[in-house]
Each structure stands twice: as structure tokens, then as C-alpha cells.
Amino acid sequence: ASTGSPQGTNTPVVIKPASKPITPAPKPAGTPDLAIRPIAMGVIDPRTGMFIQKNVFGSYETVTYKFDVANRGTGRSGSWSFTADLPTNPPKPNQSPMQNPLGPGDHIEFTLNFNAPSSGSVMIHVDTSNAVAESNEGNNMLTDYISVVY
């Protein structure tokens, strides 16, 4: 007995492209805002390899300083760099290589390790050359103090 539906009939599906491509409306270009914030300072335990947070160091220790740079703005940042003035003996300024652009909401964490610490300020400045036109240039500097006992 027949059920009224043909058995084994395949109907081909033809997909036609739209008559013209659909292009999403461009998003308005925003302004980036690179901002720096401290995460932690301390040492790496040589026996366990674990980070130990502290802010008073022996002059023989290697200081580990962690910080974060985020784009709090609404536009892509473009390439940027940072400088770090570290309290070492003798003092030595540090310049990072160029960093990849950060999109809105993106961030990156950095870890600096330095020997021969002396009491003083850790000063990190993001986008020192003002290569990135930002909505807020006032949040590009970080200063933190460390104490060293001899």
C-alpha cells in the first residue's frame, strides 16, 4: 500500500549569493586609554619557584614586580612601549621593546625581575613617547616604594 509520499526523493538545495555583499556598518572609531596598575611585588622562592608577596627586601634578593596595562578606552591603541626606573644599585633605566596594540578592554600583565635592590621607588611609565593619542594621559604612570634592609 502506498502512503502517498514518494520514497527516496531528494530535492536539491540551491544557495544563491545575495545580489550584493552585505557590509556591516562601520563602528565609529573610539579613543584608546592605556592605564597601568600594580599587581604585586615580592620574590620567587628559589626552592619552590612560588611567588611570595612582600615589600621589604634584603639587598641580596631578586625583586619581582608585577603590573598590568589595560586599554580602558573605546578604540584600539596602536603600538606602545613603557619605561621602568627601578631602585637598583647602580640605578639603571629600562626601555621595553614596542608592544602590540591593545583593543578596547584588552590588557597584558608584565613581570620585572631585578637584582641589587636599594630602597626607593619603582616608576613605570606607559607610552612615554605619547605615540598613542589617549582620552586620559593621567593614568600612564605608576610609582611604588620598596624598602631594602642590609
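Residues numbered from 1 in each chain as written. Predicted model: local features only at pLDDT ≥ 70, side-chain atom pairs only at ≥ 80, totals over all residues. Heavy atoms only, no water.

Enquirer: Would you explain the sheet that holds strand S6 (residues 92–95) in this entry?
Expert: For sheets, the rule is that strands pair by backbone hydrogen bonds, running either parallel or antiparallel. Strand order in the open sheet formed by five strands is S3-S9-S8-S5-S6, with mixed pairing between adjacent strands. On the outer flanks of this sheet lie strand S3 (56–58) and S6, each paired with one strand and no other. Looking at each pair of strands side by side, their axes are set apart by 25° on average, direction ignored. Of the pairings in the sheet, the one linking strand S8 (residues 120–126) to strand S9 (residues 141–149) comprises six bridges and is antiparallel in character. Pairing of Val122 across the sheet is with Asp144, part of S9. (Pairing = 2+ DSSP bridges. Helix = DSSP H or I, 4+ residues; strand = E, 2+ residues; numbered from the N terminus. Axes fitted to C-alpha atoms, helices over the stretch in contact; angles between N-to-C directions.)

Enquirer: Sorry, what's going on with the sheet that holds strand S7 (residues 107–114) here?
Expert: Strand order in the open sheet formed by four strands is S2-S1-S4-S7, and the pairing between neighbours is antiparallel. Pairing within the sheet leaves two strands with one partner each, and these edge strands are strand S2 (51–53) and S7. Averaged over all neighbouring strand pairs, the angle between strand axes comes to 40°, with direction disregarded. Sheet topology places strand S1 (residues 34–44) next to S2; three bridges connect them, and they run antiparallel. Bridge pairing in S2 links Val43 to Ile52.

Enquirer: Quick question: what am I supposed to make of the pairing of strand S4 (residues 63–71) here?
Expert: Across a regular strand the side chains alternate sides, sitting on one face of the sheet and then on the other. Counted residue by residue, S4 has eight buried out of nine residues, so it is predominantly covered. Pairing analysis gives eight bridges linking S1 to S4, with the strands arranged antiparallel. Paired with Gly42 across the bridge in S4 is Thr64. (Buried < 20%, exposed > 50% of the residue type's maximum accessible area, 1.4 Å probe, protein only.)

Interpretation in functional terms is not warranted from these geometric data alone.
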